[in-house]
Amino acid sequence: MRVLFDSLRGQLVLLIVLALVVAQAVSLWLFVDERSQAVRTALWFEVAGRAANVALLLEEAPEDLHSAILTAADSPLVRFALSETPVVAQDDRAVGGAVEARVRGLMGGIPGREVRVKLNVVDQSIPPPMAGAGPEMVQMHMAMMQGQLSAIEMQLAIALADGPWLNVVTRYERPPLQWPVASILSFVTTAAIILVTVCWFLLTRLTGPLLRVSRAAEKLGRGEDVSPLPAHGPAEVRDLTQTFNRMQDRLTRFVSDRTRLLAALGHDLRSPLTALRVRAEMVDEQETREALVSSIEEMREMVDATLAFARGVATSEPYEPVDLQQFLERLRTDMLDGFELVPSAPVQVRLRPQALRRALRNILDNAVRYGGGARVSYGQEDDHAVIRIRDEGPGIPEPELDQVFEPFFRLEKSRSRETGGSGLGLSIARTLLRAHGGDVRLSNHPEGGLLAEVTLPLHPRPQPNEGD
């Protein structure tokens, strides 16, 4: 699960789903609030209509019937009463304008008639039922309020034609939030499944080509032959793929041209050196002749090493999975001066056998020749394999640990030309190892001797099909 959400596709899908959930939650909250407002408005208008009708009836009926009319109009939540003073001292037009307009309209719009409206929030606890409510109504009222609802009270005062005021008091509880859990869950689940499926398909078209470019770049860095990638996906991804194909073609041609130039240069220098050697042998003075021959031989060895270096770089050899222990055992058998191999757990690497054999042989030859022997161990660390080659020699001065990898660089002491070598062995080894996607690093061991640590990429596991 962690790997899934660590990918670009997983993170985008998660972000979209979270955005959907938040948007739906906000929409539901707004819908509930609008529903509550619509319910309150409908109730207020219904009370306004009843109040207007009662007021008209009271104005037209005899005074002895007023009490009966008010009793008949009363309900548990709406109370009517006649009084010389209005229940609303001052009209609250900011919130009661619509109710007042409705009352005036139902009563014929008589000019000068005074209508006052006021709204109050009673409290946050359950308000007591109004007087006159029966036990069943009280019980129903308490059950509906669910023990946690507050009330809104509307006070309405209508001036009658004969002088008194019709006072109307009604109280409505705030409608409880209705959350249809089953409907919400089914909607969210269905929407999430559809959205994730569509996003997964669309993002596959984006991340699939990106993964192919990433793997092709890794192979190109190891010197493998990579076929041009097909351009699929959005326009930006297609442009990236085509740019990678062009870059790969340019790099391949650049390396090939430089390698051929180096090989041609080394080959063409052989003829002049041979001619110089012949002319040097004709020098009569022995000391001068020996000096010239020595210099020419040194140049010839450098040319041969250069040609060997060019051939090693230009060699095209397929990669294959190899068991590292078996590979090292075969290398020890092939070398005349063997080395001590410390067995370990099996490690699978992906390499070009001949090229790696040459790189390790160069390092091992130096360890055997200058360090008095080599002890080789191997293992796996994180996402790569490590081969450690330790000798028992004097080591190398710290400032020169990295310089020994430069072409034709030679140490002046035990690793000088008098003991052999052209200065290209370690340079060739590092070039071949880096072409594998690995590297080599030298350090002086705390207990003496030189330690060479060779890193190599592990054999990759099969990748899932990412589609286009």
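Cut-offs applied
- Residues numbered from 1 in each chain as written.
- Predicted model: local features only at pLDDT ≥ 70, side-chain atom pairs only at ≥ 80, totals over all residues.
- Heavy atoms only, no water.
- Helix = DSSP H or I, 4+ residues; strand = E, 2+ residues; numbered from the N terminus.
- Buried < 20%, exposed > 50% of the residue type's maximum accessible area, 1.4 Å probe, protein only.
- Core = buried A, V, L, I, M, F, W, Y, C linked by side-chain atoms within 4.5 Å.
- Contact = heavy atoms within 4.5 Å.
- Patch = residues over 30% accessible without salt bridge, like charges linked within 9 Å, V, L, I, M, F, W, Y side chains within 5 Å.
- Areas by Shrake-Rupley, 256 points an atom, 1.4 Å probe, with all protein chains shown as cover.
- Salt bridge = Lys/Arg side-chain N within 4 Å of Asp/Glu carboxyl O.
- Lys, Arg positive; Asp, Glu negative; His and termini not counted.
- Charge placed at Lys NZ, Arg CZ, Asp CG, Glu CD.
- Pairing = 2+ DSSP bridges.
- Axes fitted to C-alpha atoms, helices over the stretch in contact; angles between N-to-C directions.
- Left-handed = near helix turned anticlockwise from the far one by under 90°.
- Nonpolar A, V, L, I, M, F, W, Y, C, P; charged D, E, K, R; others polar.
- pLDDT = per-residue confidence, 0-100.
- Expected span 1.5 Å × (residues − 1).

Trainee: How do you make sense of the environment of L77 when you look at a structure like this?
Mentor: Counting through the fold element by element, L77 comes out in the loop between α3 (66–73) and β1 (78–83). The partly exposed category is assigned to L77, whose relative accessible area is 34%. Considering only alpha carbons, one finds L77 and T170, 93 residues apart in sequence, at a separation of 5.6 Å.

Trainee: Mind showing me how you'd approach the nonpolar core here?
Mentor: In globular proteins that are soluble, nonpolar side chains generally tend to be buried together. Counting 43 residues, the largest nonpolar core has L328, L360, I363, I387, I389 and L442 as the members making the most contacts within it. Put simply, the parts of the chain that give this core at least two residues each are α9 (324–334), β7 (348–351), α10 (353–371), β8 (375–381), β9 (384–390), α11 (425–435), β10 (439–444) and β11 (450–457). Ranked by residue count, the leading element in this core is α10, at 8 residues. Among residues more than four places away in sequence, those in contact with I387 are L324, L328, L360, V376, S377, Y378, A452, E453, V454 and L456. Judged by nonpolar contacts, the second largest core, of 26 residues, contains V47, L70, V78 and V99.

Trainee: Explanation requested: a negative patch on the surface in the structure shown.
Mentor: On the surface, D284, E285, E287 and E290 cluster together to form a negatively charged patch. For E287, the location among the structural elements is in helix α8 (residues 286–314).

Trainee: Hey, could you run me through the pairing of β10 in this one?
Mentor: Walk down a regular strand and you will see the side chains alternate between the two sheet faces. Pairing of β10 with β11 involves 6 bridges; the strand directions are antiparallel. In the sheet register, S443 faces β11, and the bridge partner there is L451. In this structure, the hairpin formed by β10 and β11 is closed by a connection of 5 residues, where G448 is found at a positive phi of approximately 105 degrees.

Trainee: What's the story with a nonpolar patch on the surface in this structure? I'm lost.
Mentor: A cluster of nonpolar side chains, namely I194, V198, F201 and L202, defines an oily patch on the protein surface of about 410 Å² accessible area. In this structure, F201 sits in helix α6 (residues 181–221). Classification of F201 as exposed rests on a relative accessible area of 56%.

Trainee: Would you mind showing me how to read unusual backbone geometry here?
Mentor: In terms of backbone geometry, most residues other than glycine have negative phi values and most peptide bonds are trans. Within the chain, D382 stands out as a residue other than glycine whose phi angle is a positive 55 degrees. Relative to the helices and strands, D382 resides in the loop between β8 and β9.

Trainee: Mind showing me how you'd approach the packing of α10 against α11 here?
Mentor: Any two packed helices are characterised by the angle at which their axes cross and by the distance between the axes. Taken N-terminus to C-terminus, the directions of α10 and α11 make an angle of 145 degrees; their axes are 8 Å apart at the nearest point. Where α10 crosses over α11, the two elements pack in a sense that is left-handed. Between α10 and α11, the contacting residues are A355, L356, R358, A359, N362, I363 and N366 on the first element and G425, L426, I428, A429, L432 and L433 on the second. Of the residues assigned to the contact of α10 with α11, the class counts are 9 nonpolar, 3 polar and 1 charged.

Trainee: Honestly, the sheet that holds β9 in this entry has me stumped. Any pointers?
Mentor: Paired through backbone hydrogen bonds, the strands of a sheet run either parallel or antiparallel to each other. Taken together, the 5 strands give an open sheet; going across it, the order is β6-β8-β9-β11-β10, and neighbouring strands pair in mixed fashion. Bordering the open sheet on either side are β6 (340–341) and β10, each of which pairs with just one other strand. The sheet contact formed by β6 and β8 spans 2 bridges and is parallel. Among the inter-strand pairings, E340 is bridged to a residue of β8, identified as R375. Across the sheet, α10 touches β8, β9, β10 and β11, and the angle it forms with β9 is around 30 degrees.

Trainee: Please explain the confidence of the model for the protein chain as it appears in this structure.
Mentor: Note that predicted coordinates carrying low pLDDT should not be read in detail. In this model, the protein chain carries a mean pLDDT of 77, and residues with pLDDT of at least 70 account for 76%. When the elements of the protein chain are averaged for pLDDT, helix α1 (residues 2–6) gives the smallest value, 54, and β9 the largest, 93. Of the regions scoring below 50 in pLDDT, residues 413–417 engages in 14 contacts with residues more than four places distant in sequence or in other chains. Confidence over residues 464–468 falls short of pLDDT 50; this stretch has 15 contacts with residues more than four positions distant or in other chains.

Trainee: Teacher, can you tell me more about helix α7 (residues 235–281) here?
Mentor: Every α-helix carries 3.6 residues per turn, so stepping three or four residues along brings you back to the same face. Here α7 spans 69 Å end to end across 47 residues, near enough to the 69 Å set by a 1.5 Å rise per residue. Taken as a whole, α7 has its buried residues at V237, T241, F244, N245, Q248, T259, G266, L273 and A280.

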